[in-house]
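# Chain and residue survey
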Amino acid sequence: MKVIACYSMKGGVGKTATAVNLAYWAAKSGLKTLLIDLDPQGASSFYFRIKPSSKKWAKRFFNAYENLVKHIKASDFENLDIIPAHLSFRNFDTLLAGFKKRKNRLKRVLKGFNKEYDLVILDCPPSISYLSESIFNASNLVLVPVIPTPLSERTFEQLMAFFEENDYPQNKIVPFFSMVQGQKSLHKATMEAMSARYKMFLNTTIPYSSDIEKMGVHKAPVDVFAKSQQANYAYIKLWKEVSETTRKRG
Amino acid sequence: MNSLPENTWELNEVAKNTDILSEISSEFDIEANPGTTSTLQFYDDFDSHLWKANYLLCQVNKQQFQLIDPSGCIDEVGASSGARFWWEFSESQVKDKLQSLVGLRAVLPIASINLLETDFSLRNDDQKIVVKGRLTQTLVSNKIALYLTLQALRGYTKYYTRAAQLLKPFIKAEIRHFGLRFLLMNQDIQALEPKQSALLSLTEDMRTEQAVRAIAIAMLDQAKLYIGGVIADTDTEFLHQFRVNVRKLRSLISLLKQALPASMLDALKPRISSIASKTNKLRDLDVFILAQDSYRAMLPANFESGLNELYHLIEKQRKQEKNKVARYFSSTEYKNDVTACAAELSQNSVFQTPMASKPVLQVVKKLLLKRYHKILAMNAAINSQSADEKIHEIRIEFKKLRYLIEFFVDLLPKKRTGKIVSEIKKIQTVLGDYNDYCIQIEFLNGYIDDARIEMSKALSGLIAILYQKKTEERPKVESALTDFFTENMTIEFDLVFGAAEPGDSK
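Residues numbered from 1 in each chain as written. Chains lettered and ligands numbered in written order. Predicted model: local features only at pLDDT ≥ 70, side-chain atom pairs only at ≥ 80, totals over all residues. Heavy atoms only, no water.

## Here we look at the overall build of chain A
Where we set the bar: Numbering of helices and strands runs from the N terminus; a helix is a DSSP stretch of H or I covering at least four residues, while a strand is a stretch of E covering at least two. Here the globule rule is a power law, 2.2 Å times the number of residues to the power 0.38, and the radius of gyration is based on C-alpha atoms. Burial here depends on accessible area, computed with a 1.4 Å probe over protein chains only, as a share of the maximum for the residue type. Under 20% is buried, over 50% is exposed, and the range in between is partly exposed. Whether two residues touch is decided by their heavy atoms; if any such pair falls within 4.5 Å, the residues are in contact. Using a 1.4 Å probe, the Shrake-Rupley method yields the accessible areas, and only the shown protein chains count as cover for residues.
Scanning chain A from N- to C-terminus turns up 13 helices and 8 strands. Over its C-alpha trace chain A gives a radius of gyration of 17 Å, about what one expects of a compact globule, namely 18 Å for 250 residues. When the backbone C-alpha atoms are referred to their principal axes, chain A occupies close to 50 × 45 × 30 Å. A buried classification covers 56% of the 250 residues belonging to chain A. A separation of at least 24 residues holds for 80% of the contacts in chain A among residues at least 6 apart in sequence. Carbon and sulfur atoms provide 50% of the accessible area of chain A, an area that totals close to 11,300 Å².

## Structural notes on the nonpolar core
The tendency in soluble globular proteins is for nonpolar side chains to be buried as a group. Rule in force here: We define the nonpolar core as a collection of buried residues of types Ala, Val, Leu, Ile, Met, Phe, Trp, Tyr and Cys that are connected through side-chain atoms lying within 4.5 Å of one another.
Within the largest apolar cluster, 77 residues are counted, with the highest numbers of intra-cluster contacts made by Phe-242, Leu-256, Phe-398 and Phe-408 of chain B. If you look at the next biggest cluster of nonpolar residues, it comprises 61 residues, including Leu-22 and Tyr-24 of chain A together with Ala-152 and Ala-163 of chain B.

## Comments concerning the side chain of Arg-318 of chain B
All names here are of chain B. Heads up, the condition is: Side-chain atoms alone can form a polar contact between residues adjacent in sequence; in general such a contact is a pair of N or O atoms within 3.5 Å, and within protein one must be able to donate a hydrogen while the other accepts it.
Of note, Arg-318 is situated in helix 12 (residues 304-329). Polar contacts involving the side chain of Arg-318 include one to the side chain of Asp-233, which spans 2.9 Å. Apart from residues no more than four positions distant in its own chain, Arg-318 is found in contact with Asp-233, Thr-236, Leu-282, Leu-285, Asp-286 and Ile-289.

## Considering the interface of chain A and chain B
A common way to report how large an interface is uses the accessible area buried once the components associate. Condition: Two parts placed together each lose some accessible area under a 1.4 Å probe, and adding up what both lose gives the buried area. The salt bridge definition used is simple: a Lys or Arg side-chain nitrogen within 4 Å of an Asp or Glu carboxyl oxygen.
The partner chain B presents 11 residues to the 15 residues of chain A that form the contact. In total, chain A and chain B occlude about 1,200 Å² of area from one another, counting both sides; carbon and sulfur atoms represent 48% of this. When the buried surface of chain A facing chain B is broken down by residue, Arg-49, Ala-74 and Asp-76 of chain A rank first, second and third, together holding 46% of it. The interface formed by chain A and chain B contains 4 salt bridges.

## Points about the sheet that holds strand 2 (residues 33-37) of chain A
Pairing between the strands of a sheet comes from backbone hydrogen bonds, and it takes one of two forms, parallel or antiparallel. Residues and elements named next belong to chain A. For clarity, the threshold we go by: In short, DSSP must find at least two bridges between two strands for them to pair.
In space, the 8 strands of this open sheet follow the order 3-4-2-5-1-6-7-8, with mixed pairing throughout. For this open sheet the edge positions go to strand 3 (73-74) and strand 8 (205-207), each flanked by a neighbour on one side alone. Where strand 2 and strand 5 (residues 119-123) come together, 5 bridges link them in parallel fashion. Residue Leu-35 lies in a different strand from strand 5, and its bridge partner there is Ile-121.

## Concerning the packing of helix 1 (residues 15-28) of chain A against helix 13 (residues 230-249) of chain A
All names here are of chain A. Applicable threshold: For helices, the axis comes from a line fit to the C-alpha atoms of the stretch in contact; other axes are also lines fit to C-alpha atoms, and the angle between any two N-to-C directions lies between 0 and 180 degrees. Oblique is the label for every angle not falling under 35 degrees (roughly parallel), over 145 degrees (roughly antiparallel), or within 65 to 115 degrees (roughly perpendicular). Gly is put with the polar residues, along with every residue not named as nonpolar or charged; the nonpolar set is Ala, Val, Leu, Ile, Met, Phe, Trp, Tyr, Cys and Pro, and the charged set is Asp, Glu, Lys and Arg.
Remark: helix 1 packs on helix 13, axes separated minimally by 9 Å, with the N-to-C direction vectors making an angle of 70°. Between helix 1 and helix 13, the angle falls in the class roughly perpendicular. Where helix 1 approaches helix 13, its residues Ala-17, Thr-18, Asn-21, Leu-22, Trp-25 and Ala-26 are matched on the opposing element by Asn-232, Tyr-235, Ile-236, Leu-238, Trp-239 and Val-242. The class makeup of the residues in the contact of helix 1 with helix 13 is 9 nonpolar, 3 polar and no charged.

## Some words on the confidence of the model for chain A
Stated precisely, the cut-off is as follows: One number per residue, pLDDT, summarises how confident the predictor is, and it ranges from 0 to 100.
Looking at chain A as a whole, the pLDDT averages 92, with 100% of positions reaching at least 70. Within chain A, helix 3 (residues 58-61) of chain A has the poorest average pLDDT of any element, 75, and helix 1 of chain A the best, 97.

## Structural notes on empty space enclosed by the protein
All names here are of chain A. Selection criterion: Here a cavity means grid points, on a 1 Å grid over the protein atoms only, where a 1.4 Å probe fits yet cannot get out; a pocket means an open set of points with protein on both sides within 12 Å along at least five of seven lines; lining residues are those with an atom within 4 Å of a point. Grid points are joined across faces, edges and corners, and a volume is the space filled by probe spheres set on the points.
Going through the model one piece at a time under the given rule, you end up with 4 cavities of 30 Å³ or more. One number sums up the size of the largest cavity: a volume of about 70 Å³. Contributing to the lining of the largest cavity are Ser-8, Met-9, Lys-10, Val-13, Val-144, Pro-145, Val-146, Ile-147, Ser-152, Thr-155, Phe-156 and Leu-159. Where the lining of the largest cavity is concerned, the elements lending two or more residues are strand 6 (141-146) and helix 8 (150-165). At 4 residues, helix 8 tops the list of elements feeding residues into the lining of the largest cavity.

## Describing the packing of aromatic side chains
Aromatic ring pairs: the centre-centre distance and the angle between the two ring planes describe each pair. The test is simple: A pair of Phe, Tyr and Trp rings is counted when the ring centres sit within 6.5 Å of each other, with Trp represented by its six-membered ring. The angle between the planes then sorts it: under 30 degrees is stacked, over 60 is edge-to-face, the rest tilted.
Per the stated rule, a full pass over the model turns up 45 aromatic pairs over all chains. Measuring from centroid to centroid gives 4.2 Å for Phe-177 of chain A and Phe-201 of chain A, while their planes differ by 15°, and the two rings are stacked. Here Phe-201 of chain A lies in the loop between helix 9 (185-197) and strand 8 and Phe-177 of chain A lies in strand 7 (residues 173-180), a separation of 24 residues in the sequence. Between Tyr-328 of chain B and Phe-329 of chain B, the aromatic rings sit 5.5 Å apart at their centres with planes inclined by 50°, giving tilted as the arrangement. Of the two residues examined, Tyr-328 of chain B and Phe-329 of chain B, each falls in the buried class. Feature note: the residues Tyr-372, Phe-398, Phe-484, Phe-485, Phe-493 and Phe-497 of chain B constitute an aromatic cluster, connected by ring pairs.

Given below as structure tokens:
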């Protein structure tokens, strides 16, 4: 079982859209896939029309795999299950602060899914916190959407520095450009500069697209309502590249 | 994780797809796909080997076959629509499974099913799919049946329960293991009926003549089952199995002749012998043709044209011989002989001989010991110089001994008899291999023809190789005989078959 985190310290960069569409394509390729919505806003659960549990259960999240199992919901698609977010997930950091060995907490509970799933995708909240550290430990890849602007570049630099300072292997970080507007010279220039500086950027870029925004209207992955649009092809390509990268890393 | 409920129900005859879906639409939004229709043709061999091993071979279109096990389709393979034997399928799991399960048997159509499948999803108020389902309509012999399958989704089982409740008025019965196998089981397929002729259950104090007659009739009936396949030339196993059963029948009558009236033996023996002899040549030709690949592998490429000529000739002869055998099985001569045999065997026992009225187990045990000691004595006379004829004779005796055990196996101690039979099988394999070389050399010798130079060269090459193999095999025969006839085996025969009185514990 592999774990891929869709992560960025910055909000609004396309993490959830990436998590939703990658999970969809992974499942479609035959992998038994579990998408865990860790962001209390619950956007990825919303995109799959899944309501969160009515009970607060964040306190039990890190206790045992059995607690997570109870909250799994089938999506409308073959091979794809989801653990929806709950507003109480906003307290994850406080909860983790009270645990010993908190950095390994998420890794430990996810281990239980080894037999059931081939892939776990984590849709992460935008922060750098105890939860993020737990995510970095649990994941094989940390997939980072980067909007090609100076502000995003700065955030990415901060993430690289954080990994270095805390001895996390930087090769877990797999960035790609997101919400790209090819006609903007600033985007072009930032992409060129960052690609030259960070060789780990994926070749695939996700364009800025109204079809991706419309996911909220259709409550579905792009493929369901915009099959032959550029954004859909971009996610197919992204999934292929991510799955190849995961395979190469073993 | 716990598995999720999934159930199939047969629906009432009056139920219609539209009624059912409108019933659930009161609480769910329904999304139904257009129905798909298919006609599936299923194949199996005469002995239903695939069915018995829990497999289905299904032709999904003209040149595409699927092999299905209880978990679903395990492989799909292309083959011409006339494919009947494993070697006619492309390299695949289908081919491998057919080779191991069906062997030399041909697979033939056994049944077909017409299906109309309509998949649907039920959505809740959030427009989330909460239950998946399928309506399956089958058409079998003008009878329509309708099945409903509902599948719960993780996290939404309460909706599944509700949908099942709503549909309750339409339900006729719950189906435990729904699938193609279930649909076929409901068809009363004649091809899947057991092919074993019913045998009266033997008891140890049954009188010998009665028991022999009962077994003999079952053997004859069993042999008759294969005639259709021989005439249609479905596969070579029909003739082989026919001959095995006739051979067993002859052995039974010969081994227990003292329990039967002399007049009956006079009537049966020449008739059975005549029936058996009519098929000898065809079987020899079949054996040679079936071994074609191994014979071709024995000779270098420059013998190929000679071998082709030989096989061409043999195939031609086989065709003629097969027609001859088919004509014979359709003839009055055969029908009269077989009817006369059946009539003789079906008569009431007359108990004219002392053995006839003795309890069968007592007679059989005594006979088994006697036959064993006869073979033991024959073995003592065999050495490296003995003629092939002597090896052939001892092989025949082993065959009769095994048949005798197998006829009455239900009355004999199961475990210890089983061990003895397995030792007999081992020696029979060695003796059989040796005999095959002898027979094939003789068979091929018969084809040497000075006018066909290339063919005769290939024949001489094959004969030389087979002679070499036969020579290499001979010491194995003596060593296998030595291994079989141990002091322990004689003691075991005495212990297992020595106590012949009725009521001996098994």
